[in-house]
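If you want the building blocks of each chain, they are given just below.
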Amino acid sequence: MTGDGHQPVKGPRKKKGLLIVNTGNGKGKTTAALGMVLRAWGRGMPVEVYQFIKPPTANFGEHRAAKRLGIPVHPLGDGFTWKSKDPERTKSLALEQWERAKARLQDPHLAMLVLDEFTYPLHYGWLDTGEAVAALQGRRPLLHVVVTGRYAPEGLIAAADLVTEMTLIKHPYREQGIKAQPGVEF
């Protein structure tokens, strides 16, 4: 038995694409996913990122770095969903982005696909969790998919191979009123 109470697997290890979920209220979900993108890219593995909140005009640090490295990042959103002035448009953009990302699940050349802030269309009920999970489970067998965002639904967590919950303990904005910093938050 391991220290976390899980029984280790015995016998030969298998190879498969993982469904990875980074969720929780703490900072670092996207940052961790982008770290995996960088790691895979460094190994020569083709990677792509689909963002469900950031607008197509986004030019944050990760967009600038990805452009320099030649890593495709596709933002399609209109900002924070909970602040949307037009919730129907926000929903429509998220569903359009899902169709684009879903089409990549069978690409034989893609090694890793990140669905950044994908938990929000599921959480808000814009996309049926069961249908999304079925599509993710039906992906090409060796494709790694990384999903980020708060409020990951139980169905997604149950289907995932690896789930990490980021827990907020202390944040400079909350405790000190320090605004978002370039290179840290964007």
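To be clear, the structure that these remarks concern was listed above.
Notes on the structure in this doc start here. (Residues numbered from 1 in each chain as written. Predicted model: local features only at pLDDT ≥ 70, side-chain atom pairs only at ≥ 80, totals over all residues. Heavy atoms only, no water.)

A closer look at unusual backbone geometry
Test applied: Helix numbers and strand numbers start at the N terminus; a helix is a DSSP run of H or I with at least 4 residues, a strand a run of E with at least 2.
Look at Glu-117: it is not a glycine, yet its phi comes out positive at around 65°. Locating Glu-117 in the fold gives a position in the loop between β4 (112-116) and α4 (119-123). Its identity is not glycine, yet Tyr-151 carries a phi of approximately 60°, on the positive side. Mapped onto the elements, Tyr-151 comes out in the loop between β5 (144-148) and α6 (154-159).

Topic: the sheet that holds β4
Worth spelling out the cut-off: We treat two strands as partners when DSSP finds at least two bridges between them. Throughout, an axis means a line fitted to C-alpha atoms (over the contacting stretch in the case of helices), and angles, computed between N-to-C directions, take values from 0 to 180 degrees. Any two residues whose heavy atoms approach within 4.5 Å are treated as being in contact.
Pairing is parallel in the open sheet, where 6 strands are placed in the order β3-β2-β4-β5-β1-β6. Only two strands of the sheet have a single neighbouring strand rather than two, namely β3 (73-75) and β6 (162-165). For this sheet the average axis-to-axis angle between neighbouring strands, irrespective of direction, equals 10°. Both strand β2 (residues 47-51) and β3 contribute to a ladder of 3 bridges, which runs parallel. Looking across to β3, one finds that Tyr-50 is bridged to His-74. Against the sheet, helix α1 (residues 29-42) contacts β1 (19-23), β2, β4 and β5, and its axis sits at roughly 165° relative to β4.

Quick notes on the pairing of β1
For clarity, the cut-off: Exposure categories follow from relative accessible area, calculated using a 1.4 Å probe and restricted to protein chains: below 20% of the type maximum is buried, above 50% is exposed, and the middle band is partly exposed.
Burial analysis of β1 places 5 of its 5 residues in the buried class, which makes it a mostly covered element. By the bridge criterion, 4 bridges tie β1 to β5 in an arrangement that is parallel. Across the sheet, Asn-22 pairs through a bridge with Thr-148, a residue of β5. The pairing of β1 with β6 spans 4 bridges and is parallel. Within β6, the position partnered with Asn-22 by the bridge is Thr-164.

Focus on the nonpolar core
Short version of the rule: Among the buried residues, those of types Ala, Val, Leu, Ile, Met, Phe, Trp, Tyr and Cys that are joined through side-chain atoms within 4.5 Å form a nonpolar core.
Of all hydrophobic cores here, the largest spans 26 residues; its most connected members are Trp-98, Leu-115, Phe-118, Leu-136, Val-145 and Leu-156. Only β1, α3 (87-103), β4, α5 (129-137), β5 and α6 provide two or more residues apiece to this core. A per-element tally of this core places α5 first, with 4 residues. Counting 12 residues, the second-largest nonpolar core is a separate cluster that includes Met-36, Val-49, Val-114 and Val-146.

Looking at the environment of Gln-97
Note the threshold: Whenever a nitrogen or oxygen atom comes within 3.5 Å of another N or O atom, the pair is scored as a polar contact, on the condition that within protein one atom can donate a hydrogen and the other can accept it, and that pairs from neighbouring residues in sequence are kept only if both atoms are in side chains.
Its location among the elements puts Gln-97 in helix α3. Remark: the alpha-carbon pair of Gln-97 and Leu-115, spanning 18 residues in sequence, is separated by 9.5 Å. If we ignore the near neighbours within four places in the chain, the residues touching Gln-97 are Tyr-50, Gln-51, Phe-52, His-74, Pro-75 and Leu-76. Looking at Gln-97, its side chain comes within polar contact range of the main-chain oxygen of His-74, at 2.6 Å.

Looking at α5
To keep things clear, this is the line we draw: Throughout, the arc means that of the directions going from the helix axis to the C-beta atoms.
Within the sequence span of α5, burial applies to Thr-129, Ala-132, Val-133, Ala-135 and Leu-136. Along the axis of α5, the buried residues cluster in a sector spanning 160°; they form a single face. Close packing links the buried residues of α5 with β1, α3, β4, α4, β5 and α6. A distance of 3.1 Å separates the backbone nitrogen of Gly-130 from a side-chain oxygen at the start of α5, and that oxygen is part of Asp-128.

Here's the deal with the pattern of salt bridges
Where we set the bar: For this document, the term salt bridge refers to a Lys or Arg side-chain nitrogen within 4 Å of an Asp or Glu carboxyl oxygen.
Counted by the stated rule, this structure contains 10 salt bridges. Put simply, Lys-54 and Asp-116 hold a salt bridge, and the shortest N to O gap is 3.8 Å. Residue Lys-54 is located in the loop between β2 and α2 (61-69), and its partner Asp-116 is located in strand β4; the two are separated by 62 residues in the primary sequence. Comparing Lys-54 with Asp-116 shows no difference in burial state: the two are buried. We note a salt bridge from Lys-102 to Glu-99, for which the minimum N-O separation is 3.3 Å. One end of the pair, Lys-102, and the other, Glu-99, are both in helix α3, 3 residues apart, so they sit about a helical turn from each other.

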